[in-house]
Amino acid sequence: MKLSSTETYWPLKDAMKHSYPSIDSDLNTDILIIGGGITGALMAYKLVNEGKRIILLDRRDVCGGSTSGSTALLQYEIDVPLHQLIKLRGVKCAVDSYQNGKKAIFDLRNIIDTVGSNCNFEFKKSIYFTTLKKDVPYLKNEFKIRKQHGFEVSWLSRFELQKMGLNAIAAIESKTAAVMDPYKLATDLLHYCHQKGMQIYDRTNVTSIQHQKGKIIAHTDSKNTITASHIIHCTGYESTETLTEKVVDLKSTYVITSESQPDLPENFKHAIFWDTASPYHYIRTTEDNRIIMGGGDEDFKDPKKRDKLIPKKEQYLLKQFSKRFPDLDFKIDYSWAGTFGETKDGLPYFGKPNSRRNEHYILGFGGNGITFSVLGMNSILDSLHNKKNQDLEYYRFGR
């Protein structure tokens, strides 16, 4: 599956500093990670530091899938609001999931410091706003529930939002959010793991997986095999190709990135914005003073149809931006389309779909893919060792 259109911002900005070979021989390892994006890189980081022997594969250049098209809004808020998630999954799972997301942002900051990645991580405020009067009671309910469960939030009026340049009726302001360059962090994590002995092979596709005498044999398109004790699938939306359970509805999303604007207002630069529309729109800035706006989601049909809509979606997103920030100019420098997915409860899927097989999945679907991947990283060892883990129960298959 082609996960993004050709011209995303991050790879063009960062270029490719490290390259890896395709596989050309039969190999053996303890753990095979399939997927070389941000999720695979985080799993590798955890396991390399635990002394595990690992091979990582990607069917394209590493980080060339969803990671290259991610807008990397790091929020503890989940696509499903807390008051609705409580109804879907109960108070404990819902509140823990929101708290887990908050912790994941700080865990990620520590990882970035450890590997010395210059991925432009920056803490921001999160502004969850509405431009629709009918959504004000919904937003007030969400604010009340978050306050009730100890989340640090503030209510912003139309007047306070206007001072930020935002044409909206009301908003919830959260203190903990962040942004970064996801492509840079993923490539830096992989390079760190490679230096510690992990083997990386890109442009290598797994065509089939065979279970034999307690071992797993992955067959590749080069006719080589990799024999492992465990396989971890970090294949994101492409996991629909290997899972029998339907866990996600695929969507197409669209993103525009502006030219650099050195005079952006400070209160605009220090926040990320997302609205109550369905599907929602989201806005952030970059370290070089560009504006990124995404949204305009559609049901995914195929990459060609998705990408054909880019010119139309460019104009749609520009119009939506102008409505929300009428005093800011937006001249498009980059635009792209990507594939993402939504689960029924907005939560990820971790662990083994089949308890009798040592195939594990870490699937951070939705707008919180990166923070979900950090949660998966923190529970992967328990999945490998068949130990009980609360997150593996919350985010299990067959739930």
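Residues numbered from 1 in each chain as written. Predicted model: local features only at pLDDT ≥ 70, side-chain atom pairs only at ≥ 80, totals over all residues. Heavy atoms only, no water.

*Asks:* Which residues make up the side chain of K269, and what values go with them?
*Replies:* Relative to the helices and strands, K269 is located in helix α9 (residues 266-269). Among the polar contacts listed, one links the side chain of K269 to the side chain of E266, at a separation of 3.1 Å. Setting aside its immediate chain neighbours within four residues, K269 contacts K124, L264, T285 and N289. (Helix = DSSP H or I, 4+ residues; strand = E, 2+ residues; numbered from the N terminus. Polar contact = N/O pair within 3.5 Å; in protein donor to acceptor, adjacent residues only side chain to side chain. Contact = heavy atoms within 4.5 Å.)

*Asks:* Would you mind going over helix α4 (residues 82-89) in detail, with residue names and values included?
*Replies:* All buried positions along α4 are accounted for by L82, H83, L85 and I86. Relative to the axis of α4, the buried residues are bounded by an arc of 160° and lie together on one face. Positive backbone phi, at 90°, marks G90, one or two positions downstream of α4. (Buried < 20%, exposed > 50% of the residue type's maximum accessible area, 1.4 Å probe, protein only. Arc of directions from axis to C-beta.)

*Asks:* Residue-level account of the UniProt feature "domain: FAD dependent oxidoreductase" (unreviewed entry) in the chain, with values.
*Replies:* Sites flagged by UniProt as "domain: FAD dependent oxidoreductase" (unreviewed entry) map to residues 30-375. End-to-end, the C-alpha atoms of residues 30-375 are 22 Å apart, and along that stretch the chain is 33% helix and 31% strand. (UniProt positions renumbered as here; feature names shortened; annotations may be inferred.)

*Asks:* Can you lay out the domain arrangement of the chain for me, pointing to particular residues and giving the numbers?
*Replies:* What the domain assignment reports for the chain is domain 1 (9-69 + 183-244 + 346-395) and domain 2 (249-342). In this complex, domain 1 contributes 11 residues to the contact, which on the side of domain 2 involves 14 residues. Summing both sides of the interface, domain 1 and domain 2 together bury roughly 950 Å²; the carbon and sulfur share of this comes to 67%. Inspection of the region where domain 1 meets domain 2 yields 2 residue pairs in polar contact (both at pLDDT 80 or more). Of all the elements in the fold, those that place two or more residues in the side of domain 1 that touches domain 2 are α1 (9-14) and α3 (66-69). No other element matches the 4 residues that α1 contributes to the side of domain 1 that touches domain 2. (Domains from an automatic or database assignment. Buried area = accessible area lost by both parts, 1.4 Å probe.)

*Asks:* Pulling in residues and values, what's your account of the nonpolar core?
*Replies:* Of all hydrophobic cores here, the largest spans 82 residues; its most connected members are I33, M180 and I232. Taken domain by domain, this core gets at least three of its residues from each of domain 1 (9-69 + 183-244 + 346-395) and domain 2 (249-342). What I33 contacts, discounting residues up to four positions off in sequence, is G40, M43, A44, L47, I54, I55, L56, L57, I232 and C234. With 25 residues, the next largest nonpolar core counts L156, L166, I310 and F325 among its residues. (Core = buried A, V, L, I, M, F, W, Y, C linked by side-chain atoms within 4.5 Å.)

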